[in-house]
Each structure stands twice: as C-alpha cells, then as structure tokens.
Amino acid sequence: MRFAVPIFPGSNCDYDCIHAVEDILGEPVAPVWHHDTDLSSFDAVILPGGFSYGDYLRCGAIARFSPVMAAVKEAAAAGKLVIGICNGFQVLCESGLLPGALMRNNHLKFRCDIQPIRIENNQTPFTCAYENGQVIRIPIAHGEGNYYCDEATLAELKANNQIVFRYAGENPNGSVDDIAGICNKAGNVLGMMPHPERAIFDWMGSDDGKYLFKSMLQYWKENSRAV
C-alpha cells in the first residue's frame, strides 16, 4: 500500500505522518510537493497538519488552490483513501471534499493537550480496528478547530453516519455537536482535528492513534482493487 503525504508551504506535521506509516505499517510512503499533479501511483493520501500558506485568509483557503489538490480530488473520486489531519481537515473542507468549516476556537486560545475522543463509527476504512463507543486518547493542537455546519448539514451527517469522532468530556473548541472528525458519504475521505500520528507509541502519552493507520492498511488489504 503506497501512501502520499502532500507538503504545502507551512506544513509541519508531514514527516510525523511519514514516520507513522513507516514505523507502524512498514509500507512505502513518499512526500509529495504541492506543485505535483499526479497521485495515480498511490493508494492513500494523508494531508498533514501545520499552517499551510501561513493560514492567510482562512486556514486551508489558499492550499485548496494548490495543483496537488486536483489530484487529491481525483484520488477521492476514484475511491482511494484520503485523510486530512488538523490543517488537512481544514483544507478538505475548503476544497469541498467535506462539508462544513473550521472556525476559531470559541475561547480564542490555541489548545494543545491529549484529548479523549469517542469512536462514533467504526465501519469506516479509518476506524475498523476500533470498537464503536471506544474512548481513545489523541493529542490536539489547534487554534481553529471549531467545526461548524448548519442544521441541515448536521442532520445529514447524522443520518448518513458520517460523524466518525466526537470529543468525550470537555469540548476543547466549541465544535458543533462535539464533532472531532467526519467522513464523506462514501466513507473514503476523513477529516479530523486530533493528531493520530502523534499517538503511535506509549512514550508519546498514548498509542491509540496507531490503530487508525492499521485500519487503513487492513481495509486496503481486504478491499484492494485497481482504482
């Protein structure tokens, strides 16, 4: 299974994602520059966290126009796995691959902590190694993680079981319905504010994040086909 990690100017979690794939899965993974336009040789794409283009205008608002994003959309349309973590989630929303938007935290402060997260849907390619209702501990680090969507969109997310993660206990940013991560209707595109790549070994404070990457590999092995 081949993973691509697009790098935008201002990305800073790219190599964390690369090391997570290498260390946990032992699968091939390559950094991809934001000017690249061909991701056809990859099976999965990880949009990393950071501050793409300095978060100017809005988080992810400029990155959505990077040449690589056309290839990311093609990969998503072809059924390949696409995950956006933190800033990557913001880019997915700005690109229209996921509904809603990420706003400033309701307390207007940057939050950096290990947060309890509840698995709301373990029937996705990213969560099949977890149990439904399981509470895991994953780091967060964001100033604009306040997920917002209108009532109609929220109702649709619930109806389609697209809410994949919720904050358990304290809501750290004011996100609507305690949402920490959502997927598209097809289930192959996931956006989440917490950082699973920062929770792959016990010495990090939690190794709960490694099962997200294991889920992706498990799903791919069970469903791999020419896409």
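Just so we're clear, the structure is a prediction, and the values are computed from it rather than from any experiment. (Residues numbered from 1 in each chain as written. Predicted model: local features only at pLDDT ≥ 70, side-chain atom pairs only at ≥ 80, totals over all residues. Heavy atoms only, no water.)

### Some words on the pairing of strand β2 (residues 29–33)
At step 1: Here strand β1 (residues 3–7) runs beside β2; their pairing, made up of five bridges, is parallel. Looking at the pairing, A4 lines up with A30 of β2.
At step 2: In this fold, the crossover linking β1 to β2 by way of helix α1 (residues 14–25) has right-handed handedness. (Pairing = 2+ DSSP bridges. Helix = DSSP H or I, 4+ residues; strand = E, 2+ residues; numbered from the N terminus. Right-handed = clockwise from strand over helix to strand, strands pointing away.)

### Some points on the state of the cysteines
In protein chemistry, a disulfide is the covalent bond that joins the sulfur atoms of two cysteines.
At step 1: For the structure shown, the criterion picks out zero disulfides.
At step 2: In this structure C93 is a free cysteine whose sulfur lies 9.4 Å from that of C149, the closest cysteine sulfur available.
At step 3: Left unpaired, C112 is separated from the closest cysteine sulfur, that of C86, by 10 Å. (Disulfide = S-S within 2.5 Å.)

### As for the sheet that holds strand β10 (residues 179–183)
At step 1: Ordered by their spatial adjacency, nine strands build an open sheet running β2-β1-β3-β4-β11-β10-β9-β6-β7, and the pairing between neighbours is mixed. Unpaired on one side and paired on the other, β2 and β7 (135–142) mark the two borders of the sheet. On average, each strand axis in the sheet is inclined to that of its neighbour by 25 degrees, with strand direction left out of account.
At step 2: By the bridge criterion, two bridges tie β1 to strand β3 (residues 44–47) in an arrangement that is parallel. (Axes fitted to C-alpha atoms, helices over the stretch in contact; angles between N-to-C directions.)

### Details of the UniProt feature "active site" (unreviewed entry) in the protein
At step 1: Mapped onto this structure's residue numbering, the UniProt feature "active site" (unreviewed entry) falls at C86, H195 and E197. Their sequence span is 112 residues, while the largest C-alpha to C-alpha distance among them is just 11.1 Å; these annotated residues converge on one region.
At step 2: Its location among the elements puts C86 in the loop between β4 (81–85) and α3 (87–94).
At step 3: The residues touching C86, leaving out its near neighbours within four places in the chain, are G49, A141, H142, M192, M193 and H195.
At step 4: Note that H195 resides in the loop between β11 (189–192) and α5 (210–223).
At step 5: When residues no more than four places from it in sequence are discounted, the contact partners of H195 are C13, G49, I85, C86, I138, P139 and A141. (UniProt positions renumbered as here; feature names shortened; annotations may be inferred. Contact = heavy atoms within 4.5 Å.)

### Some words on the environment of L157
At step 1: When you line up the elements, L157 lands in helix α4 (residues 151–159).
At step 2: Judged by relative accessible area, L157 falls into the buried class, the value being 1%.
At step 3: In this view, L157 contacts P99, Y147, C149, Q162, I163, I179 and I182; residues no more than four positions away in its chain are not counted. (Buried < 20%, exposed > 50% of the residue type's maximum accessible area, 1.4 Å probe, protein only.)

### Thoughts on the pattern of salt bridges
At step 1: Applying the stated criterion across every chain yields a total of eight salt bridges.
At step 2: Between E170 and R111 there is a salt bridge, and its shortest N-O distance comes to 3.3 Å. Here R111 lies in strand β6 (residues 111–119) and E170 lies in the loop between β9 (163–167) and β10, a separation of 59 residues in the sequence.
At step 3: Given the relative accessible area of 47%, E170 is considered partly exposed.
At step 4: The exposure class assigned to R111 is buried, which follows from its relative accessible area of 18%.
At step 5: Of the charged contacts, one joins E120 and R118 as a salt bridge, the two residues approaching to 2.7 Å between their closest N and O atoms.
At step 6: What you see here is one network of salt bridges that share partners, running through R118, E120, K158, R166 and D177. (Salt bridge = Lys/Arg side-chain N within 4 Å of Asp/Glu carboxyl O.)

### What to know about α5
At step 1: The end-to-end C-alpha distance of α5, which contains 14 residues, comes to 20 Å, matching closely the 20 Å that a straight helix rising 1.5 Å per residue would cover.
At step 2: Of the residues making up α5, those classed as buried are K210, L212, F213, S215, M216 and L217.
At step 3: Where α5 is buried, its residues contact β1, α1, β3, β4, β9 and β11. (Expected span 1.5 Å × (residues − 1).)

### Points about the packing of aromatic side chains
At step 1: For the structure shown, the criterion picks out three aromatic pairs.
At step 2: When the centroid spacing of 6.2 Å and the interplanar angle of 75 degrees are considered together, the rings of Y130 and Y211 count as edge-to-face. Within this pair, whereas Y130 is found in the loop between β6 and β7, its partner Y211 is found in helix α5, the two being separated by 81 residues in sequence.
At step 3: Ring centres 6.0 Å apart and planes at 10 degrees place the aromatic pair F201 and W203 in the stacked group.
At step 4: We classify F201 as partly exposed; its relative accessible area is 28%.
At step 5: For W203, a relative accessible area of 68% corresponds to the exposed category. (Phe/Tyr/Trp six-rings, centres within 6.5 Å; stacked < 30°, edge-to-face > 60°.)

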